[in-house]
Every structure is written in structure tokens, then in C-alpha cells.
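# Structural features, examined
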Amino acid sequence: MSLKAGIVGLPNVGKSTLFNAITKKHILTANYPFATIDPNVGVVTVPDTRLDLLESLYVPNNTIPTTFEFTDIAGLVAGASKGEGLGNKFLSHIREVDAIVEVVRCFDDENIIHVSGQVDPIRDIEIINVELILSDLEIILNRISKIEKKATTTKEKDALLEVGVLKKCQEALEQNIPIRNMKNLDDDELVILKNFSFITAKPLIYVANVGEEDVVIGDNEYTKKVKEYASKENSGVIIMSAKMESELAELEVEDKKLFLEEIGINSSGLDKLIFATYNLLGLETFFTVGKDECRAWTFKRGTTAKKAAGLIHSDIERGFIKAEIMKYDDLELLKDEKKVKEAGKLYLEGKDYIMQDGDIVYFRFNV
């Protein structure tokens, strides 16, 4: 399953530094706008200690964690929706992602130029959000102008429904309400909107990028404002220092753990962001185990057993018979697959079973 979270923000807020840390890749970073012109895509591993136990029990030839993609998108500026900077190109890249990670500068540093001259996280957020709204609004108005007359004349049900939902979205956007926060959309309308890949319909999380000295404290005057703003639109906020995370990414696992313990932090900002983005996309994990391989698989919350089988191979989905399922918690408690079976904790499920996070699965199939 290929799912992407796009990292956006104004120039020089720490996006590329954050991306470097996430992917341990060294892409171009520079102290001027538009240092990153083409989107950079990196695959990240979702930290999951459950794989450690499975590896110790089955001693497989390979252990494969689950992953998803982060895309670093070059900095937006005011007027991007009208083509300012590299606006239209950037906006098209954002349309291709499933969720948005909006990086907001929450630190003072006279050596790092701010595109607007001074640090003001709420102004920065609103600049970006307005540009995303204007971009969606332009698409909506263009589409309405093409189909409204025909829909009114022919009275075609689907066309009328499309015009109706687009006008609802137009009204919301003109009031600076992103589509994701609209409360009056039914299932049929959501299906129509899915075809447009509207940016403001995508789930969003803010990263408040702070200085290294603020990491332990957790909040400063800027992050408090970001949290207050985010709470009004039901968005999450992760506080981290992109610079520190980039340095941590160069350390060995044990050294990284020791450093975090010394400064009194349980997990890195990156781990928090990965988990938060994973949850934002409604993702969960199931496992397949054996001597050859222990592997974590990403699936969308609400996925059936048959559809989950297709994530491994289309033949398994096509020839699906049953799913043998153990719960991770049961295996963790009993420490042996045979004991799980003897305890009656191995379940046979059909094609409509809704997969649960932590399911350990063997798919029976025939093709």
C-alpha cells in the first residue's frame, strides 16, 4: 500500500531539515527560498517493538517492518495559487499526497532568513492555508462553470448532485473553512469530492519546529499559539526540533536512546510524527510470521480480511478461503504459537472479517 504524507511550509521553516532526518537522506538545504524545487520522496520505517518479539520467537531469515512515504515539497509563498514562486507546480505535488504535514517555524534565529522578515507562526499558517483554499476554489469555480448549465437543463441526477456539493464547498472555502472541516457532507457527496483530490480535504497535522533548547520544555510563546489555532480546526500538533532530529538521525540506535534518556524524553519527535501521521491516515498493522519472514503490513482501518490478503498478493485475495488469526497480545502472553492454539485463541475468520491492529494472520487460499 503506497500512502504519502506531504511536508509543506513556507521557505526556511525547516522542512528539508526535517525530511533529511526522516529519511536519513541528504537532499539540498540552503538558506534561501526554493532550495528544494522538485519533490523528494523518502520511505520511512514505522517503529514497532512488536516485530522484535515476533523475530525472537520465529527467528526468521528476514524481518520487514511496515513503511509509508514522506514527500518534501518545496516552500510555498503568498500568491502561490496565482503562480507566485513556483506555486502551481508545488500545489500539484500537494494534490498527490494523502495527508499534509505543515511545518511552522517556532524559533528565533537571526542567522536564518524568514521569507516574511520576522517569525509569526499564525501568519505563516494562514498564508499557506489561504493559498491551499484559493487553489481548491479555483478548481471548483472552473468545474461549476463547465457543468452547471448542462445540469440545470438536463436535470441529470449525478450532474445536479455534483453541482450541489461543489457549491457547498465553494461556500465553505469562501468562509476560510477547509473541506476536511465541513460537517454537512453525506456519503454520496464525499464520493464525488474524492475524484477532485482537493488539498483542503486532506487530513493535516502541524509540526511546530522549535529550537533545541525548547525541546525539553515542550512549549514556547509560538507553540502555544499554534496549539490554540490547531485546536479550533481539530488538527494535531507535534513539537520538535528539526535540527536536533537531523543530528539524532546520524546516531546509532543505542546512542540515540541514551541521548534521549539524558535529556528526559521518552521518544524522539520523529517517532511521534511518524505515529501521528500513521494514525492521521487511519492506518493500522497486521503481521505475517514464519521461518522465512516476519513482516508487518499496513492497511486502512476498516479493511476486510479478503482485501488485506490482496495487499500481499492479488492471487491470495482472488482465491481467499479463510484467515487464521492470532492476536498479538495472546502470543505475547503465551510466548508460543502452539500454546495459543491449545488455549483456543486461534480464530478462523471469513472474507468479511474486519482486520484489527496487531492481528497475526495466515491466509488460506486456492487459485
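As a starting point, this report considers the structure included with it.

## Let's talk about the sheet that holds strand S7 (residues 236–240)
Across the sheet, six strands lie side by side as S2-S4-S1-S5-S6-S7; this open sheet has mixed pairing. Only two strands of the sheet have a single partner each, and these edge strands are strand S2 (40–45) and S7. For this sheet the average axis-to-axis angle between neighbouring strands, irrespective of direction, equals 25 degrees. Pairing of strand S6 (residues 204–209) with S7 involves five bridges; the strand directions are parallel. Note on S7: the bridge partner recorded for Asn-209 is Met-240.

## Focus on the pattern of salt bridges
Pairing is possible between side chains that carry opposite charge, provided their charged atoms lie close to one another. Tallied over the entire structure, the rule returns 18 salt bridges. Glu-189 is the partner of Lys-168 in a salt bridge, and the nearest nitrogen-oxygen pair spans 3.0 Å. Taken together, the residues span a long stretch of sequence, with Lys-168 in helix H5 (residues 157–174) and Glu-189 in helix H6 (residues 187–194) at a distance of 21 residues. For Lys-168, a relative accessible area of 28% puts it in the partly exposed group. We note a salt bridge from Arg-301 to Glu-284, for which the minimum N-O separation is 3.1 Å. With Arg-301 in the loop between strand S9 (293–300) and helix H11 (305–312) and Glu-284 in strand S8 (residues 283–288), this residue pair connects regions lying 17 residues apart in the sequence. Given a relative accessible area of 48%, Arg-301 falls into the partly exposed group. Sharing partners across several salt bridges, the network here consists of Asp-48, Arg-50 and Asp-357.

## Description of the environment of Leu-18
Its place among the elements puts Leu-18 in helix H1 (residues 15–23). Classification of Leu-18 as buried rests on a relative accessible area of 1%. Put simply, Leu-18 and Lys-243 are 225 residues apart on the chain and 7.3 Å apart in space, counted from C-alpha to C-alpha. When near neighbours in sequence (up to four residues on either side) are disregarded, Leu-18 contacts Ile-7, Val-103, Val-207, Met-240, Ala-242, Leu-270 and Leu-273.

## Here we look at the side chain of Thr-285
When you line up the elements, Thr-285 lands in strand S8. The exposure class assigned to Thr-285 is buried, which follows from its relative accessible area of 1%. Here the side chain of Thr-285 touches Tyr-278 through a polar contact of 2.6 Å, side chain to side chain. With residues near it in sequence (within four places) discarded, Thr-285 still touches Asp-48, Arg-50, Thr-66, Tyr-278, Ala-296, Trp-297, Phe-299, Gln-356, Asp-357, Gly-358 and Asp-359.

## Considerations on the layout of surface pockets
Approximately 710 Å³ is the volume found for the second largest pocket. In terms of lining residues, the second largest pocket is bounded by 23 residues, among which Asp-98, Lys-194, Ala-201, Lys-202 and Pro-203 are the most central. Residues that form the lining of the second largest pocket fall into these classes: twelve nonpolar, four polar and seven charged.

## Side note on the packing of helix H4 (residues 121–154) against H5
One can describe the packing of H4 onto H5 by two numbers: an axis separation of 9 Å at closest approach and a directional angle of 150 degrees. Considering their axes alone, H4 and H5 lie roughly antiparallel with respect to each other. Classified by chirality, the crossing of H5 by H4 is left-handed. Together, Ile-133, Asp-136, Leu-137, Ile-140, Leu-141, Arg-143, Ile-144, Ile-147, Glu-148, Ala-151 and Thr-152 of H4 and Ala-159, Leu-160, Glu-162, Val-163, Leu-166, Lys-167, Cys-169, Gln-170, Leu-173 and Glu-174 of H5 make up the contact between the two elements. When grouped by side-chain class, the residues that make up the contact of H4 with H5 number 13 nonpolar, two polar and six charged.

Parameters and conventions
The numbering scheme is per chain: residues are counted from 1 as the chain's sequence reads. Given that this is a predicted model, residues contribute local features only at a pLDDT of at least 70 and side-chain atom pairs are listed and counted only at 80 or more, while totals for whole chains, interfaces and linings are drawn from all residues. Neither water nor hydrogens contribute to the side-chain values; these are computed over all heavy atoms in the structure. A pair of strands is treated as paired once DSSP finds two or more bridges between them. Helix and strand assignments come from DSSP, with helices taken as H or I runs of at least 4 residues and strands as E runs of at least 2, each series counted from the N terminus. Think of each axis as a best-fit line through the C-alpha atoms, taken over the contacting stretch in the case of a helix, with angles from 0 to 180 degrees between the N-to-C directions. What makes a salt bridge here is a side-chain nitrogen of Lys or Arg within 4 Å of a carboxyl oxygen of Asp or Glu, nothing more. Burial status follows relative accessibility: with a 1.4 Å probe on protein chains alone, a residue under 20% of its type maximum counts as buried, one over 50% as exposed, and anything between as partly exposed. Contacts between residues were defined by any pair of non-hydrogen atoms, one from each residue, lying within 4.5 Å. We define a polar contact as two N or O atoms separated by no more than 3.5 Å, with the added condition that, inside protein, one atom must be a possible hydrogen donor and the other a possible acceptor, whereas residues neighbouring each other in sequence contribute only through side-chain atom pairs. Buriedness for pockets is judged along seven lines, at least five of which must meet protein on both sides within 12 Å for an open set on the 1 Å grid over protein atoms alone, while cavities are sets there where a 1.4 Å probe fits but cannot get out, and lining residues have an atom within 4 Å of a point. Grid points are joined across faces, edges and corners, and a volume is the space filled by probe spheres set on the points. Polar here means any residue other than Ala, Val, Leu, Ile, Met, Phe, Trp, Tyr, Cys and Pro, which are nonpolar, and Asp, Glu, Lys and Arg, which are charged; Gly is therefore polar. The cut-offs work like this: below 35 degrees is roughly parallel, past 145 is roughly antiparallel, 65 to 115 is roughly perpendicular, and the gaps in between are oblique. For a crossing to be left-handed, the near helix must be turned anticlockwise from the far one by less than a right angle; the clockwise case is right-handed.

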